[in-house]
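These are the residues of each chain, in order.
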Number of protein chains: 2
Amino acid sequence: MPETARRADRPGDRRPDRRSGNRYGNRPTMKDVAARAGVGLKTVSRVVNGEPGVTPDTERRVQEAIEALGFRRNDSARVLRKGRTASIGLVLEDLADPFYGPLSRAVEEVARAHGALLINGSSAEDPDREQELALALCARRVDGLVIIPAGDDHRYLEPEIRAGVATVFVDRPAGRIDADVVLSDNFGGARDGVAHLIAHGHRRIGFIGDMPRIHTAAERLRGYRAAMEDAGIPVEDAWMSLGGTDPERVRRAAEEMLSGPDPVTAVFTGNNRVTVTVIRVLAALSRPVALVGFDDLELADLLQPGVTVVAQDAAALGRTAAERLFRQLDGTLLAPERIELPTRLVQRGSGEIPPSG
Amino acid sequence: MPETARRADRPGDRRPDRRSGNRYGNRPTMKDVAARAGVGLKTVSRVVNGEPGVTPDTERRVQEAIEALGFRRNDSARVLRKGRTASIGLVLEDLADPFYGPLSRAVEEVARAHGALLINGSSAEDPDREQELALALCARRVDGLVIIPAGDDHRYLEPEIRAGVATVFVDRPAGRIDADVVLSDNFGGARDGVAHLIAHGHRRIGFIGDMPRIHTAAERLRGYRAAMEDAGIPVEDAWMSLGGTDPERVRRAAEEMLSGPDPVTAVFTGNNRVTVTVIRVLAALSRPVALVGFDDLELADLLQPGVTVVAQDAAALGRTAAERLFRQLDGTLLAPERIELPTRLVQRGSGEIPPSG
DNA sequence: CGCGCCGTTGACAACGTTGTCCAGGCTCTA
DNA sequence: TAGAGCCTGGACAACGTTGTCAACGGCGCG
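Residues numbered from 1 in each chain as written. Chains lettered and ligands numbered in written order. Predicted model: local features only at pLDDT ≥ 70, side-chain atom pairs only at ≥ 80, totals over all residues. Heavy atoms only, no water.

Caption draft 1: Focus on the sheet that holds strand S12 (residues 344-346) of chain B. Residues and elements named next belong to chain B. If you trace the six strands from one edge of the open sheet to the other, you get S7-S6-S8-S9-S10-S12, paired in mixed fashion. Strands with a single pairing partner mark the edges of an open sheet, and in this sheet they are strand S7 (240-241) and S12. On the sheet, helix H9 (residues 186-199) packs against strand S6 (205-208), strand S8 (266-269), strand S9 (290-294), strand S10 (308-311) and S12 and is oriented at approximately 170 degrees with respect to S9. Relative to the sheet, helix H12 (residues 272-283) contacts S6, S8 and S9, its axis offset from that of S9 by approximately 160 degrees. (Pairing = 2+ DSSP bridges. Helix = DSSP H or I, 4+ residues; strand = E, 2+ residues; numbered from the N terminus. Contact = heavy atoms within 4.5 Å. Axes fitted to C-alpha atoms, helices over the stretch in contact; angles between N-to-C directions.)

Caption draft 2: Summary view of the protein's contact with DNA strand C. Within the structure, DNA strand C sits among 26 residues, and Gly40, Thr43 and Thr58 of chain A together with Met30 and Arg81 of chain B are positioned closest to it. Here a phosphate oxygen of DNA strand C sits 2.8 Å away from a polar atom, N or O, in the side chain of Thr55 of chain A. For DNA strand C, a phosphate oxygen lies 3.1 Å from a polar atom in the backbone of Asn74 of chain B. Among the elements of the structure, helix H3 (41-48) and helix H5 (75-82) of chain A together with helix H3 (41-48) and helix H5 (75-82) of chain B are those that each provide at least two residues to the surface near DNA strand C. Examining the composition of the surface near DNA strand C, we find that five residues originate from one element, H5 of chain B, more than from any other. Residues belonging to the surface near DNA strand C are distributed by class as follows: eight nonpolar, nine polar and nine charged. (Near = heavy atom within 4 Å. Polar contact = N/O pair within 3.5 Å; in protein donor to acceptor, adjacent residues only side chain to side chain. Nonpolar A, V, L, I, M, F, W, Y, C, P; charged D, E, K, R; others polar.)

Caption draft 3: Just the protein's contact with DNA strand D, in detail. The full set close to DNA strand D counts 27 residues, and Met30 and Arg81 of chain A together with Gly40, Thr43 and Thr58 of chain B are the nearest of them. Of everything in DNA strand D that lies within 4 Å of the protein, sugar and phosphate atoms constitute 62%. Within the side chain of Lys82 of chain A, a nitrogen or oxygen atom sits 3.5 Å from a phosphate oxygen of DNA strand D. Thr43 of chain B has a polar side-chain atom sitting 2.7 Å from a phosphate oxygen of DNA strand D. Looking at the surface near DNA strand D, the elements with two or more residues in it are H3 and H5 of chain A together with H3 and H5 of chain B.

Caption draft 4: Quick look at the interface of chain A and chain B. Taken together, the 73 residues of chain A in the interface contact 73 residues of chain B. Between the two partners, chain A and chain B, sit 14 salt bridges. Ionic pairing is found between Arg27 of chain A and Glu160 of chain B, a salt bridge with its closest N-O pair at 2.5 Å. Taken together, chain A and chain B are joined by 22 residue pairs in polar contact (both at pLDDT 80 or more). Elements that contribute at least two residues to the side of chain A that touches chain B include exactly H5, helix H6 (100-113), strand S2 (117-122), helix H7 (127-139), helix H8 (158-162) and helix H12 (272-283) of chain A. When the residues that make up the side of chain A that touches chain B are grouped by side-chain class, the tally is 33 nonpolar, 18 polar and 22 charged. (Salt bridge = Lys/Arg side-chain N within 4 Å of Asp/Glu carboxyl O.)

Caption draft 5: Fine view of the packing of aromatic side chains. Residues and elements named next belong to chain A. Within the structure shown, the criterion is met by six aromatic pairs over all chains. Seen in terms of ring centroids, Phe99 and Tyr100 are 5.1 Å apart; in terms of plane orientation they differ by 70 degrees. Their pairing is edge-to-face. The two residues Phe99 and Tyr100 agree in class, both being buried. Ring centres of Phe207 and Tyr224 lie 5.1 Å apart, and the angle between their planes is 40 degrees; this geometry places the pair in the tilted category. Within this pair, whereas Phe207 is found in strand S6 (residues 205-208), its partner Tyr224 is found in helix H10 (residues 215-230), the two being separated by 17 residues in sequence. For the residue pair Phe207 and Tyr224, the accessibility class agrees, reading buried in each case. Within the aromatic cluster, the residues linked to one another by ring pairs are Phe207, Tyr224 and Phe268. (Phe/Tyr/Trp six-rings, centres within 6.5 Å; stacked < 30°, edge-to-face > 60°. Buried < 20%, exposed > 50% of the residue type's maximum accessible area, 1.4 Å probe, protein only.)

Caption draft 6: Looking closely at unusual backbone geometry. Residues and elements named next belong to chain A. In this structure, Pro305 follows Gln304 across a cis peptide bond, with omega equal to -5 degrees. Tracing the backbone shows Pro305 in the loop between strand S9 (290-294) and strand S10 (308-311). For Glu125, which is not glycine, the phi dihedral falls at a positive 65 degrees. One non-glycine residue, Asp295, lies in the positive phi region at around 85 degrees. Here Asp295 is to be found in the loop between S9 and S10. Judged by its relative accessible area of 6%, Asp295 is buried.

Caption draft 7: Region of the structure containing the nonpolar core. Within the largest apolar cluster, 88 residues are counted, with the highest numbers of intra-cluster contacts made by Tyr224, Phe268 and Val278 of chain A together with Tyr224, Phe268 and Val278 of chain B. Leaving out residues up to four positions away in the same chain, Phe268 of chain A has contacts with Ala190, Gly193, Val194, Leu197, Ile205, Gly206, Phe207, Ile208, Val292, Phe294 and Val310 of chain A. (Core = buried A, V, L, I, M, F, W, Y, C linked by side-chain atoms within 4.5 Å.)

Caption draft 8: Region of interest: H7 of chain A. All names here are of chain A. Over its 13 residues, H7 extends 18 Å from the first C-alpha to the last, a length consistent with the 18 Å expected when each residue adds 1.5 Å. Of all the positions in H7, only Arg129, Glu130, Leu133, Ala134, Leu135, Leu137, Cys138 and Ala139 are classed as buried. Put simply, Asp126 is the residue that caps the front of H7, since its side-chain oxygen is 2.8 Å from the backbone nitrogen of Asp128. Phi turns positive one or two residues past the end of H7, at Arg141, with a value near 60 degrees. (Expected span 1.5 Å × (residues − 1).)

Caption draft 9: Broad picture of the pairing of strand S4 (residues 166-170) of chain B. All names here are of chain B. With five of its five residues buried, S4 lies for the most part within the structure. In S4, alternate side chains face the same way, and those of Ala166, Val168 and Val170 on one face and Thr167 and Phe169 on the other are all buried. Pairing geometry for strand S3 (residues 144-147) and S4, over four bridges, is parallel. Opposite Val146, over in S4, you have Val168 as the bridge partner.

Caption draft 10: Focus on the environment of Leu333 of chain B. All names here are of chain B. Relative to the helices and strands, Leu333 is located in the loop between helix H13 (314-330) and strand S11 (338-341). Taking relative accessible area as the criterion, Leu333 reaches 14% and is therefore assigned buried. With 253 residues separating them in the primary sequence, Leu333 and Leu80 have C-alpha atoms 26 Å apart. Discounting chain neighbours no more than four positions away, the residues touching Leu333 are Asp180, Arg324, Arg327 and Gln328.

Caption draft 11: The arrangement of the sheet that holds strand S7 (residues 240-241) of chain A in detail. Residue and element names in this part refer to chain A. Within the open sheet, the six strands sit side by side as S7-S6-S8-S9-S10-S12. Their pairing is mixed. Each edge of the open sheet carries a strand with a single partner, namely S7 and strand S12 (344-346). Bridging between strand S8 (residues 266-269) and S9 involves four bridges; their strand directions are parallel. Of the residues in S9, the one forming a bridge with Val267 is Leu291. Helix H9 (residues 186-199) rests against S6, S8, S9, S10 and S12 of the sheet, and its axis sits at about 170 degrees to S9.

Caption draft 12: Examining the pattern of salt bridges more closely. In this structure the tally under the stated criterion is 52 salt bridges over all chains. Close ionic contact of Asp97 of chain A with Arg273 of chain A constitutes a salt bridge, the shortest N to O distance being 3.5 Å. Residue Asp97 of chain A is found in the loop between strand S1 (87-92) and H6, and its partner Arg273 of chain A is found in helix H12; the two are separated by 176 residues along the sequence. On the accessibility criterion, Asp97 of chain A (5% relative accessible area) is buried. Of the charged contacts, one joins Asp57 of chain B and Arg60 of chain B as a salt bridge, the two residues approaching to 2.7 Å between their closest N and O atoms. With Asp57 of chain B and Arg60 of chain B both in helix H4 (residues 56-69) and three residues apart, the pair spans about one turn of that helix. Among the charged side chains, a network of salt bridges with common partners joins Asp57, Arg60, Arg61 and Glu64 of chain A.

Spatial relationships are all this shows, so hold off on functional conclusions.
Take a look at the structure:
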């Protein structure tokens, strides 16, 4: 009974819940490897971690035992002992949103360069779920958090940050705490986009965006207003829709501002989802209406006309945030900062259509 | 220097590796909470885990102490004790690929329903990196793995599977081990797509796909060949390009098969990235060429003409795989199985163009 | 030849939690 | 009022790893 004894000789272990589900009992541990190799526990640890001070011969014996048993170090125990987990958490709004794909990928890339794994979850734009997720990640003792916030009060993170969890907010600022933030220049981008329409002769310009409680949406609205004011154009309430991205809602809003006696001649859309819906509405229209959208779209250049957009660099947002996070962990970083990345106006046709009215 | 103090006030800090980075030494533990509340350690544990057998009064005292200290349970220790981590790993090819967004989202959704977190990483289509990632996840003792394989030999997972790590492969089958697999009907989908072109009168049909070492690519190629053979059309080598998704390469391939004395009159593209590039090539062409692509695209219906595609349901793939994984963990599941999900032909115009030659 | 040093190795405690088990005080019943 | 049983609470070991420290043997040097 060489290794079957391994489990049999445990004392009174009446209802071993933890064993159920594991067909072959538990995994081998360093102790098992040590026994098999005829060495001490610590020697196995040294071999596994590539620490110096082990004879080539001993090392070989240990390696063989590891191989034979299929041993794999238990990182949970390691973390418990060492304090660092070499993993970071990413809380975002929706993994399936094409805007967040490149962003998470960039975060992952940086994490990988620092030897860390990425744990992520979607908040679905729900503040409670954001908090639940962020705290669950803290309970796992991630070394740091990258958060695309859904809520606007992050005081719940204060104990965590004090305890040393590096924290960076992306895309939207933190609420009621002082923390690193990486943003796009939402205000400036929107202002430039709207100014572009004005420069092409438009005065009656609609704005369809997300709910202003979302920071990016509010900033873009502010940019719209600023551009209009700079041009001395009074904005009419009927030109603005701020009710979220639900396609049906957006469709109605667009149709309304495009009908009536005095329709808008151009539309500025506040994010990619709104843009997609509005493109559909405009495609069904007989007269040409100018369009500039915030966020780029994959096939925007192939549509007729191509869609002019204010593009933000999602990958750069993620990369910048993650790099900042690791600088916090290095101790290289001092005060929290707010970093704003520029946007880029990409002219493709739809934004250069003159007023038709 | 208000915030520089943030790091400065660390006490005698000789070489306590694990403490560095944490401003207040370590976090409070249950022991600290117990001391502050004037109760035993286990009582705190009971409160934290909502176990019965604690007086409301005691519970309140403990809760206050938890609040005051900002205590958060250390899940690493918990995992060490309990054996299950309530987290699953997802190894995919590229988080930024729009195909994998909905897939990971679906996996996450199912994980969440089972109270588990998702850890994920991209293999970048590199078998070594896939293995490295999968094993790192196993070292963290994830309860299960969902893998979109890059390599074709997964024997390295055998010890892990024996040790009880639930494993499901998605999108592509496992290599050299017997495991659960969830796939799209790549062969049938491609065959139907090509048959659709044939039904519209085409005989000279090009195929541009990814490298055949990738299972999905090989299957789609097989579908193309089958449809052609069913129709009694001999396939010419010049009609096929199997060299990967690099845009420049795809562009050249498309241009070649569309020029010459006997050009193809229709193209079947093997995945979304190829499709996008080919759309660009066709848009620059004067004569109409039919196109059917594998994988749907976000704005496919708005292009002129709309792009006919063989759509697969990425979310369903992810959901099915994750559900199967949790059934493995329940112990409900017995033998590994291969599940194939149907694809759907979406007619939008480009696939219904008749031959122009 | 003896001393000290170095390189190798292992024993042991600790990380923070949970499962087991027992103690003490209470209520309930005969 | 005594005994049985229940409820609450705490002491202790264990999970698998790593840091500390000490022991051991061999070697060089005085």
